[in-house]
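Observations on the model geometry
Below, each chain spelled out in residue letters.
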Amino acid sequence: MSLMTPEERIDGIRGDHWIAFDRATIVLNRLTSLMEMPQQSRMPGLMVYGSSGIGKTMIAKRMASKYPTQYNAELGITKTPILLVQAPPAPDERRFYQHILATIGAPMWGRHIVSELEVRALSHFRDMDLRMLMIDEVHNLLAGSYREQRRFLNMLRFLANDLCASLVVFGVNEALEAVRGDDQLARRLDEHYLPLWEDDVEFSRLIQTLIAAMALEQRSGLTVASLRTILKVTGGVTSRVFIMIKSLAIDAIETGEERITDEAVHAWQPVWTKHAWNIPRQPAAAFG
């Protein structure tokens with residue numbers, strides 16, 4: 001029996017914490033291999049893509065957390081092996097550099113031309129000993145014209161080349177063709193596709209992993225029919241699967257059932273806006 005109160009356990013379920021599952025671990029292993037690779041003039045990179053909510057942002061944040069910023073008091077320097085930033089709403093180089101500088105705590109006030117922002121950002125990157133630049137929501141570049149997209153992608157390739165760092169981008173399916181439009185960048189980025197979940201052993205393992213992480217006091221032995229119901233209700237979208245299992249687990253604690261039953265699965269109502277309000281938005285939004 002858990003030593004925590006029901007309220008503490010529910011708070012734990014609602015919290016934003018990492019729950020490992022096979023699909024995410026595979027991507028993390030690929031990213032870790034890039035980090036461990038000796039630096040060279042043309043570092044390989046990776047593009048992780050899939051439907052919205054499939055888990056891209058969650059993986060990106062987990063990878064960044066594995067290589068935190070470290071401050072050397074003796075030398076008075078801060079090392080940041082990985083920098084994770086979100087692409088601007090449109091392929092705007094000035095806005096991108098300003099966002100980077102603000103993220104690392106070195107904003108430039110006033111109006112500056114792109115080259116000035118670029119020089120400042122590169123200087124900080126070198127001081128940080130940056131090894132990997134991760135860009136989330138790279139599909140935002142689709143909001144710009146073809147010419148703007150090419151310039152933005154060329155900028156990303158330039159940054160990776162100049163820093164001898166791995167470039168990793170995360171985006172929805174539609175961004176794939178845009179990235180492929182830059183031949184030089186496409187040759188540098190391997191592609192890793194995250195598909196929607198299907199009715200298979202992998203999905204069954206995901207549900208088992210999630211339920212185990214809920215730390216309920218009784219075993220939840222769901223039938224194949226219940227697993228298929230979860231898949232149908234969520235559409236195979238990772239963020240919705242997490243929301244559904246968390247909600248069912250909270251209900252199980254509040255009712256004293258202490259397990260997720262087949263009856264609860266079939267009765268659950270997928271009112272996503274309602275559950276997005278009941279469960280803090282941060283965990284759901286973290287999937288990307």
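This text follows the structure it describes.
In short, a report on the structure. (Residues numbered from 1 in each chain as written. Predicted model: local features only at pLDDT ≥ 70, side-chain atom pairs only at ≥ 80, totals over all residues. Heavy atoms only, no water.)

1. Here's the deal with the sheet that holds strand E7 (residues 189-194)
Formally: When DSSP finds at least two bridges between two strands, those strands are taken to pair. Strands are runs of DSSP state E lasting at least two residues, helices are runs of H or I lasting at least four, and both sets are numbered from the N terminus onward. For helices, the fitted line uses only the C-alpha atoms of the stretch in contact; every axis is such a line through C-alpha atoms, and the angle between N-to-C directions lies from 0 to 180 degrees.
In spatial order, the strands read E4-E5-E6-E1-E7; together these 5 strands make up an open sheet with parallel pairing. With one partner strand each, in any of the chains shown, strand E4 (82-86) and E7 form the two edges of the open sheet. Each neighbouring strand pair of the sheet contributes to a mean axis angle of 15°, computed without reference to strand direction. One ladder, built from 4 bridges, connects strand E1 (residues 45-50) with strand E6 (residues 166-171); its direction is parallel.

2. Points about helix H9 (residues 201-213)
Quick reminder of the rule: For a helix, the expected span equals 1.5 Å multiplied by the residue count minus one. When accessible area is computed with a 1.4 Å probe and restricted to protein chains, residues below 20% of their type maximum are described as buried, those above 50% as exposed, and intermediate ones as partly exposed. Taking the helix axis as origin, the arc is that swept by the directions to the C-beta atoms. Residue contacts are counted whenever heavy atoms from the two residues lie within 4.5 Å of one another. Each polar contact in these results corresponds to two N or O atoms within 3.5 Å; when the atoms are within protein, one needs to be able to donate a hydrogen and the other to accept it, and residues that are neighboring in sequence are counted only if both atoms are side-chain atoms.
For H9, built from 13 residues, the straight-helix expectation of 18 Å at 1.5 Å per residue is met to within 8% by its first-to-last C-alpha distance of 18 Å. Those residues of H9 that fall on the buried side of the exposure criterion are Phe-203, Ser-204, Leu-206, Ile-207, Leu-210 and Ile-211. For H9, the arc enclosing every buried residue in end-on projection is 155°, short of the 170-degree limit, so these residues lie on one face. Those residues of H9 that are exposed and angled more than 90 degrees off the buried face are Val-201, Gln-208 and Ala-212. If you follow the buried residues of H9, they end up packed against helix H10 (224-234) and helix H11 (238-255). The backbone nitrogen of Glu-202 has a side-chain oxygen 3.3 Å away, supplied by the residue at the start of H9, namely Asp-200. With its phi angle positive at about 55°, Ala-215 sits one or two positions after the end of H9.

3. Concerning the environment of Phe-242
Along the chain, Phe-242 turns up in helix H11. Spatially, the C-alpha atoms of Phe-242 and Leu-206 are 9.7 Å apart, while their sequence positions differ by 36 residues.

4. Notes on the nonpolar core
Our working rule: Among buried residues, the Ala, Val, Leu, Ile, Met, Phe, Trp, Tyr and Cys ones that are joined through side-chain atoms within 4.5 Å form a nonpolar core.
Grouped together as the largest cluster of nonpolar side chains are 48 residues, with contacts concentrated most on Leu-31, Met-134, Ile-207, Ile-245 and Ile-260. A total of 9 residues in this core trace back to one element, the largest contributor, which is H11. Sequence-distant contacts of Leu-31, that is, excluding residues within four places in its chain, are made with Leu-46, Ile-59, Met-63, Met-132, Val-168 and Phe-170. The next biggest cluster of nonpolar side chains, apart from the first, holds 37 residues, and it includes Tyr-49, Ala-106, Ala-121 and Val-169.

5. What to know about the packing of aromatic side chains
To keep things clear, this is the line we draw: We call Phe, Tyr and Trp rings a pair once their centres come within 6.5 Å, taking the six-membered ring for Trp, and we label the pair stacked below 30 degrees between planes, edge-to-face above 60, and tilted otherwise.
Under the criterion given, the structure shown has 6 aromatic pairs. Consider the rings of Tyr-49 and Tyr-193, whose centres lie 5.1 Å apart with planes at 35°: the pair is tilted. Taken as a pair, Tyr-49 in strand E1 and Tyr-193 in strand E7 lie far apart in primary sequence, 144 residues in all. Each ring, one from Phe-96 and one from Phe-152, has its centre 5.4 Å from the other, and the planes form 75°; the classification is edge-to-face. One end of the pair, Phe-96, is in helix H4 (residues 93-103); the other, Phe-152, is in helix H6 (residues 146-163), and 56 residues separate them in sequence.

6. Topic: the environment of Leu-189
Mapped onto the elements, Leu-189 comes out in strand E7. Distance from Leu-189 to Gln-70, taken between C-alpha atoms, is 28 Å for residues 119 residues apart in sequence. Each residue touching Leu-189, except ones within four places of it in the same chain, is listed here: Gly-45, Leu-46, Met-47, Leu-167, Val-169 and Val-179.

None of the figures reported here should be taken as evidence of function without further support.
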